[in-house]
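Per-entry structural report
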Amino acid sequence: MTIINIDLLEEQAQKKLTAFAYAFVSGAAGDEWTMRENRRAFQDFPIMTSRLTGIKKESIDTRTALMGMVLPSPIMVAPMGVHGVVSEQAELATSAGAGAAGVLYQSSGASTKPLEQIAETTNGPKWFQLYFNNDIGVTRSLLQRAAAAKYSAIVLTVDALGPGGSDRVRRLGTSVPRPKFVFGNHDPRFGGSGDFRNQKENLTWDDIAFCQEASGLPVVVKGILRAEDAVQAVKAGAAAVQVSNHGGRQMDGVPSSISVLPGVADALGGKVPIIVDGGVRRGIDVFRALALGADAVAIGRPVLYGLGVGGARGVRSVLDFFNTELKTAMLLAGVEKVDAIGRGNIVMRQFV
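Below is a summary of the structure that appears in this document. (Residues numbered from 1 in each chain as written. Predicted model: local features only at pLDDT ≥ 70, side-chain atom pairs only at ≥ 80, totals over all residues. Heavy atoms only, no water.)

**Here we look at the nonpolar core**
The condition is simple: The set of buried Ala, Val, Leu, Ile, Met, Phe, Trp, Tyr and Cys residues whose side-chain atoms join them within 4.5 Å is what this entry labels a nonpolar core. Only protein chains enter the accessibility calculation, which uses a 1.4 Å probe; a residue is then buried when its area is under 20% of its type maximum, exposed when over 50%, and partly exposed in between. By definition, any uninterrupted DSSP run of H or I lasting at least four residues is a helix, any uninterrupted run of E lasting at least two residues is a strand, and each is numbered from the N terminus. Note on definitions: a residue-residue contact is assigned when non-hydrogen atoms from the two residues lie within 4.5 Å.
In this structure, Met76, Trp127, Leu130, Leu261, Leu319 and Phe322 are the most contacted members of the largest nonpolar core, which totals 110 residues. If you tally residues by element for this core, the top one is helix α12 (residues 301-333), at 13 residues. Setting aside anything within four residues of it in sequence, one finds Leu130 in contact with Thr139, Leu142, Leu143, Ile154, Val155, Leu156, Thr157 and Cys211.

Put into structure tokens, the structure is as follows:
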């Protein structure tokens, strides 16, 4: 697939998806201000270029060190649920496409397919994203299954205290999850148990240590916006922080991820890696996020649009699009290596 830009890809996806599937993927909470702000806020940070640097395209190096891994690029797939509404192959196609692109895949706890099948379909690195269940036995089982399936980290989502919804979906007279839908990770046919809907609302900092102890894996805390929360997460044992507002799907009216990223980065001072997601649509957005303190950038809805249009090949094409645009941005900005991208490459007009 040839990707011109993500807006055109979304138009193609809308034509191929059912009205319900498109509403589910493209929609967000409330008036969708936060979702729109996720995208708009990148414009608050113009890129400052350096000239006559002697860099050529062939020397651009996007390799990224992250939590003991060396990844071919700082781009990864964000955790997103129920890919089965987009494609019959669901997460099996998404993870395969990510693996083909050499990209880290964050597998959602709300996946249509079970985590073991997803792990088998990608030859790339993978993390498992957890929604903490009220039944501690169910949560422990999910964590132990993820470790057995060779996921290398747990992503604990702390900004979603139950399934989200949008006005777009409700207007269609349905909801996600549907009443009789069984999420793949909880399906007893595949070794699952418990009810995904029975999510723990009263999460505490102690839950980070539980995830680490039960899985034996490092824990990434996802859903952080406040710098003080990022600091506390690290004190509680987080190996990394993911700055995220859940794509605007949980609470409308919160700030964009990119606008709070500099404050989180300054507060952490490089103690742990920072991942950011929300509103990324161009390679220059990835560049900006890296300049503002992120170590890696997760892509959400565009991946599902690629899945809907072209299956696993569509997913790979989307990820290749972002990687190609990032390399072009680095060349034109005069930066040869990812780890050399910094605040000097950005005009700081806004700081939250």
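**A short note on the packing of helix α2 (residues 19-26) against α12**
Note the following rule: Note on geometry: axes are lines fitted to C-alpha atoms, helical ones only across the stretch in contact, with angles between N-to-C directions running from 0 to 180 degrees. Here the angle decides the label: under 35 degrees means roughly parallel, over 145 means roughly antiparallel, 65 to 115 means roughly perpendicular, and every other value means oblique. Take the far helix as the reference: if the near one is turned anticlockwise from it by less than a right angle, the crossing is left-handed, and if turned clockwise, right-handed. Three classes are used, and their members are as follows: Ala, Val, Leu, Ile, Met, Phe, Trp, Tyr, Cys and Pro are nonpolar, Asp, Glu, Lys and Arg are charged, and the others, Gly among them, are polar.
For the pair α2 and α12, interaxial distance at closest approach is 10 Å and the crossing angle is 160°. Taken together, α2 and α12 sit at an angle that is classed as roughly antiparallel. As for the relative orientation of α2 and α12, their crossing is right-handed in sense. Contacts between α2 and α12 involve Tyr22, Val25 and Ser26 from the first element and Arg301, Leu304 and Tyr305 from the second. In terms of residue class, the contact of α2 with α12 is built from four nonpolar, one polar and one charged.

**Here we look at the pattern of salt bridges**
What counts here: For this analysis, a salt bridge means a side-chain nitrogen from Lys or Arg found within 4 Å of a carboxyl oxygen belonging to Asp or Glu.
Counted by the stated rule, this structure contains 15 salt bridges. Arg40 is the partner of Asp44 in a salt bridge, and the nearest nitrogen-oxygen pair spans 2.9 Å. Its relative accessible area of 13% is what places Asp44 among the buried residues. Looking at Arg40, the relative accessible area reads 32%, which means it is partly exposed. Connected through shared salt-bridge partners, Glu37, Arg40 and Asp44 make up one network.

**Observations regarding the pairing of strand β6 (residues 154-157)**
Short version of the rule: Strand pairing is assigned whenever DSSP identifies at least 2 bridges connecting the two strands. Look down the strands so they point away from you; if the path from the first strand over the helix to the second goes clockwise, the crossover is right-handed.
Burial along β6 is two-sided: the residues Ile154 and Leu156 and Val155 and Thr157 are all buried. Sheet topology places strand β5 (residues 126-130) next to β6; three bridges connect them, and they run parallel. The partner of Phe128 across the bridge, within β6, is Ile154. In this region the chain leaves β5, passes through helix α6 (residues 136-148) and returns to the parallel neighbour β6; the handedness of that crossover is right-handed. Pairing analysis gives four bridges linking β6 to strand β7 (residues 219-224), with the strands arranged parallel. In the strand pairing of β7, Ile154 is matched with Val219.

**Regarding the environment of Ser193**
When you line up the elements, Ser193 lands in the loop between α7 (167-171) and α8 (206-215). Residue class for Ser193 comes out partly exposed when judged on its relative accessible area of 35%. Considered as a pair, Ser193 and Ala214 are 21 residues apart in the sequence and their alpha carbons are 17 Å apart. What Ser193 contacts, discounting residues up to four positions off in sequence, is Val138, Asn185 and His186.

**Focus: the side chain of Asp159**
Counted only if it meets this: Counting rule for charge: Lys and Arg are taken as positive, Asp and Glu as negative, and neither His nor the chain ends is counted. Polar contacts, as used here, are pairs of N or O atoms within 3.5 Å; protein pairs need one atom able to donate a hydrogen and one able to accept it. Residues neighboring in sequence count only if both atoms are side-chain atoms.
Tracing the backbone shows Asp159 in the loop between β6 and α7. Buried charge without a partner: Asp159 forms no salt bridge, and the closest opposite charge is Lys222, 4.8 Å away. Within the structure, the side chain of Asp159 is placed 3.1 Å from the side chain of His246, a separation counted as a polar contact. Setting aside residues up to four positions removed in sequence, Asp159 forms contacts with Lys222, Gly223, Ser244, Asn245, His246 and Gln250.

**With respect to helix α10 (residues 257-268)**
Operational definition: Expected helix span is computed as 1.5 Å times (number of residues minus one).
The first and last C-alpha atoms of α10 sit 16 Å apart over twelve residues, in line with the 16 Å expected at 1.5 Å per residue. A large share of α10 lies buried, amounting to ten of its twelve residues. Among all positions of α10, only Ser257, Ile258, Ser259, Val260, Leu261, Pro262, Gly263, Val264, Ala265 and Leu268 are buried. Buried-residue contacts for α10 involve α3 (33-40), α9 (227-235), β8 (240-243), β9 (274-277) and α11 (283-291). At the exit of α10 stands Gly269, carrying a positive phi of roughly 60°.

**Structural notes on the side chain of Lys222**
By the secondary structure assignment, Lys222 is in strand β7. Although Lys222 lies buried, it forms no salt bridge, and the closest oppositely charged side chain, Asp277, sits 4.1 Å away as judged by the N-O distance. Among all residues touching Lys222, those that are not within four sequence positions of it are Pro79, Val155, Leu156, Thr157, Val158, Asp159, Gln242, Ser244, His246 and Asp277.

**So, the packing of aromatic side chains**
Rule in force here: Each Phe, Tyr or Trp ring, with Trp reduced to its six-membered ring, pairs with another whose centre is within 6.5 Å; inter-plane angles below 30 degrees give stacked pairs, above 60 give edge-to-face pairs, and intermediate values give tilted ones. By definition here, charges over rings are those cases where NZ of Lys or CZ of Arg is within 6 Å of the ring centre and within 35 degrees of the ring normal.
Under the defined criterion, the tally for this structure stands at eight aromatic pairs. With 5.9 Å between their ring centres and 65° between their planes, Phe128 and Tyr151 make a pair best called edge-to-face. Of this pair, Phe128 sits in strand β5 while Tyr151 is found in the loop between α6 and β6, placing the two residues 23 residues apart along the sequence. Considered together, Phe128 and Tyr151 belong to a single accessibility category, that of buried residues. Over the aromatic face of Tyr151 sits the side chain of Lys126, whose NZ or CZ is 6.0 Å from the ring centroid. The ring of Phe132 has Lys200 sitting right over it, with the charged end atom 5.1 Å from the ring centre.

**Overview of empty space enclosed by the protein**
This is how the line gets drawn: Using a 1 Å grid laid over the protein atoms alone, points where a 1.4 Å probe fits but cannot get out form a cavity; open sets with protein on both sides within 12 Å along at least 5 of 7 lines form a pocket; any residue with an atom within 4 Å of a point counts as lining. Grid points are joined across faces, edges and corners, and a volume is the space filled by probe spheres set on the points.
By the definition in use, this model includes two cavities of 30 Å³ or more. Considered as a void within the structure, the largest cavity measures approximately 40 Å³ in volume. Of the residues assigned to the lining of the largest cavity, the class counts are five nonpolar, four polar and no charged. Volume-wise, the second largest cavity comes out at about 30 Å³. Split by residue class, the lining of the second largest cavity holds five nonpolar, two polar and one charged.

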